[in-house]
Amino acid sequence: MGPMSEEPQSGCSPSQVHIALGRDATEMHVSWKTANANCPSEVTFRQAGSGDGQLLRAGAPGVSNAVGYSFLLSERDMCSEPAASNEFMLYLHRAKMTNLVPSSEYEYQVAGSSTLRRLRSGVEPHPEHSFTFLAFGDMGDAVHAAAKSPGAADTLARLQQEVDAEQDPASLILHVGDISYANGDPDIWDSFMDGIQPIASRVPYMVAIGNHEYGYRKGSGKMVDPSGAAGPYQPSWGNFGPDSRGECGVMTARRFHMPQHPSQDELEQPAPGTPAGANAGAGGNAAGDVRPNAPFWYSFDYGSVHFTVISTENDLSPSSSQYAWLEKDLAAVDRCATPWLVVLLHRPLYVVYPHKSNREVGAHLRASIEDLLQQHRVDLTVAGHVHSYYRTCPVYDEACIPGFDQGSEDGDDYFHHSSSSSNRRSGSSSGSEYGCDGDGNCKHGIVHFTIGSAGHKLSEVERGQEEWLAASVQRYGFGRFRVEGSDRLVAEYVGSESGRVLDSVEVRATAERQAMCRKE
């Protein structure tokens, strides 16, 4: 194959470049958009330091070439109005870099561009691997929808600083739903994707599905729900409405290529002429089907953490296919290799006052999956949806575990049940093992983080709250999680405007979680 062009081709210059982890540390997915059809879907790459800084050419020593595929996405692929009436055509491309050396720096170049980009390959499972990931939800677009998401621009700027940091830069970005708030408007999606390119082209940008990506009402024409469901999820007890304005998850499923876990079969590219929604997350909802269904439910390993992503916009009842997959995924985690178990979802299990309808949904979610998460000693969850930041104590069945130190309120924008220390421990009492009382009675608890405050207008949190509320902050920001080996994790809430740490907590492995690793 001849050398790739050093100058952008007319209409084939890539934009909205972003990467995502593959099935293991030797793979990385690259996705992008072009203005024209019939553009090459290729990426050339090499290990950083193995070249002289010149452009990459396929076939040159040390240079590899990944050939992918492209597809058309248009309003015809949307489920219902108004998304189905907003005319647009997107030529989207995907390519998969393979045979990467784990934990290594790479240079890569997308066909049609002279820009040389850098990324770091994934990390193999290892119990003592330390790294930092960023997590948040509900950011939105900072340009076309700035009035709806006034905090998005500051958050994007801070995320860029975290990725560019010389010391301990962020390795992963996790966006847990309500991504662009496009609500059927393709121009807002384009603006959002342009905005995240500087960070999403450098570190994996992993997503979960939110109500503004998926919620819809079934249209009258041909409809393909990319989750495989026969129709929208609208239980009588929930506030599940047409919040995506007809997108039904198609825009997210086709723009973001999320991984399947190594133990599962990876989906193949769509056949020519296949509707855009047909294979985008085709794990299916058939009874007994326990395959992953990215981007709705899937999982991946990174160093010392196993991340499990679920969709609160789809059925999670014990009889559902998603529950069957979740049960299988959690049971298969090797806690000796990946001791930390983190669940990512959009709607939180624990909801603060005064959000009555969201509290009802949270109660049903707890009834469906809290016992399962507790059984497998999940360490923490990260959610969004409620446009605020708050975290719980290490909790199970609405009760804090032994040793959690209750305290007092801290101010107008801050609320803490723990001590005034800037580096709080997530439940600890002197003279006893974490999660155990003075009599040796031990119990595991999950710390639930709700970080729906990355950009969208903030919502209220009342002062009178449940005992399980440990802290809340009503300012724009994001979560910064520093994993320090197998037993310690420091979670910080960073203010988007100031860059200050507004809340900090040390999460440690409980005695019961540590027992999940039983080495021979």
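Basis of the calculations
Residues numbered from 1 in each chain as written. Predicted model: local features only at pLDDT ≥ 70, side-chain atom pairs only at ≥ 80, totals over all residues. Heavy atoms only, no water. UniProt positions renumbered as here; feature names shortened; annotations may be inferred. Core = buried A, V, L, I, M, F, W, Y, C linked by side-chain atoms within 4.5 Å. Buried < 20%, exposed > 50% of the residue type's maximum accessible area, 1.4 Å probe, protein only. Helix = DSSP H or I, 4+ residues; strand = E, 2+ residues; numbered from the N terminus. Pairing = 2+ DSSP bridges. Axes fitted to C-alpha atoms, helices over the stretch in contact; angles between N-to-C directions. Phe/Tyr/Trp six-rings, centres within 6.5 Å; stacked < 30°, edge-to-face > 60°. Lys NZ or Arg CZ within 6 Å of the ring centre and 35° of its normal. Salt bridge = Lys/Arg side-chain N within 4 Å of Asp/Glu carboxyl O. Polar contact = N/O pair within 3.5 Å; in protein donor to acceptor, adjacent residues only side chain to side chain. Contact = heavy atoms within 4.5 Å. pLDDT = per-residue confidence, 0-100.

If you look the protein chain up in an unreviewed UniProt entry, it shows as Purple acid phosphatase from Tetradesmus obliquus. Taken directly from UniProt, the Subcellular location (unreviewed entry) text for the protein chain runs: "Secreted".

Asks: Would you explain the nonpolar core in this entry?
Replies: The tendency in soluble globular proteins is for nonpolar side chains to be buried side by side. Formed by 127 residues in total, the largest nonpolar core has its most connected members in Tyr-108, Met-139, Ile-196, Tyr-205, Phe-307, Phe-449 and Phe-481. No other element matches the seven residues that helix α2 (residues 186-200) contributes to this core.

Asks: How should the sheet that holds strand β7 (residues 105-110) be read in this particular structure?
Replies: Strand pairing in a sheet relies on backbone hydrogen bonds. The paired strands run either parallel or antiparallel. With respect to topology, four strands assemble into an open sheet ordered β4-β3-β7-β8, the strand pairing being antiparallel. The open sheet has two free edges, formed respectively by β4 (64-67) and β8 (117-120), since each of these has just one partner strand. Mean inter-strand twist for the sheet, computed between neighbouring axes without regard to direction, equals 30°. Of the strand pairs in this sheet, strand β3 (residues 42-47) and β7 are connected by five bridges, and their pairing is antiparallel. For Val-43, the partnering residue across the bridge sits in β7 and is Val-110.

Asks: Whenever I open this one, the environment of Arg-291 confuses me. Can you help?
Replies: Relative to the helices and strands, Arg-291 resides in the loop between α4 (250-255) and β12 (298-302). The exposure class assigned to Arg-291 is partly exposed, which follows from its relative accessible area of 39%. Put simply, Arg-291 and Ala-324 are 33 residues apart on the chain and 9.0 Å apart in space, counted from C-alpha to C-alpha.

Asks: Mind showing me how you'd approach the packing of aromatic side chains here?
Replies: Note on aromatic pairs: each is described by the distance of the centres and the angle between the planes. Applying the stated criterion to the full structure yields 18 aromatic pairs. Taking the centre distance of 6.3 Å and the plane angle of 90° together, the rings of Trp-189 and Phe-192 count as edge-to-face. Residue Trp-189 and its partner Phe-192 are both found in helix α2; the two are separated by three residues, about one turn of the helix. This pair shows no difference in class: Trp-189 is buried, exactly as Phe-192 is. Put simply, the rings of Phe-131, Phe-133, Tyr-298, Phe-300, Tyr-302, Phe-307, Phe-449 and Phe-481 pair up and form one aromatic cluster. The cationic tip of Arg-254 hangs over the ring face of Phe-71; the distance from NZ or CZ to the ring centre is 4.0 Å. Cation over ring: Arg-366 sits above Tyr-350, and NZ or CZ is 4.8 Å from the ring centre.

Asks: Can you walk me through the pattern of salt bridges in this structure?
Replies: A side chain with one charge may pair with a side chain of the opposite charge, provided their charged atoms come close. Counted according to the given criterion, the structure contains 21 salt bridges. Two residues, Glu-107 and Arg-46, come together in a salt bridge whose shortest N-O distance is 2.9 Å. You can see Glu-107 sitting in strand β7 and its partner Arg-46 sitting in strand β3, a full 61 residues away along the chain. Across the pair, Arg-46 and Glu-107 agree in class, each one buried. Between Arg-488 and Glu-484 there is a salt bridge whose closest N-O contact spans 2.1 Å. According to the relative accessible area criterion, Arg-488 is partly exposed, its value standing at 26%. A relative accessible area of 32% places Glu-484 in the partly exposed class. One connected set of salt bridges, linked through shared partners, spans Arg-335, Asp-379, Asp-487 and Arg-513.

Asks: Explain the side chain of Ser-304 here, please?
Replies: Within the fold, Ser-304 resides in the loop between β12 and β13 (305-309). For Ser-304, a relative accessible area of 0% translates into the label buried. For Ser-304, the side chain forms a polar contact with the main-chain oxygen of His-129, separated by 2.7 Å. Contact partners of Ser-304, with chain neighbours within four places excluded, come to His-126, Pro-127, His-129, Phe-131, Ala-337, Thr-338, Pro-339, Trp-340, Val-483 and Gly-485.

Asks: Which parts of the structure should I look at to understand the confidence of the model for the protein chain?
Replies: Regions with low pLDDT carry predicted coordinates that are not meant to be interpreted in detail. Averaged over all residues, the pLDDT of the protein chain equals 86, while 83% of them reach at least 70. Scored below 50 in pLDDT, residues 406-415 shows 31 contacts in the model against residues more than four places distant or in partner chains. Here residues 417-432 is modelled with pLDDT under 50, and outside its nearest four sequence neighbours on either side it reaches 50 contacts, counting other chains as well.

Asks: Mind showing me how you'd approach the sheet that holds strand β6 (residues 89-97) here?
Replies: The four strands are arranged β1-β2-β6-β5 in an open sheet whose pairing can be described as antiparallel. Each edge of the open sheet is held by one strand with a lone partner, namely β1 (15-21) and β5 (69-74). Strand after strand, the sheet turns through a mean of 25° between neighbouring axes, direction not considered. As judged from the five bridges shared by β1 and strand β2 (residues 28-34), these two strands associate in the antiparallel manner. Counted as the bridge partner of Ile-19 is Val-30 from β2. Against the sheet, α2 contacts β1, β2 and β6, and its axis sits at roughly 60° relative to β1.

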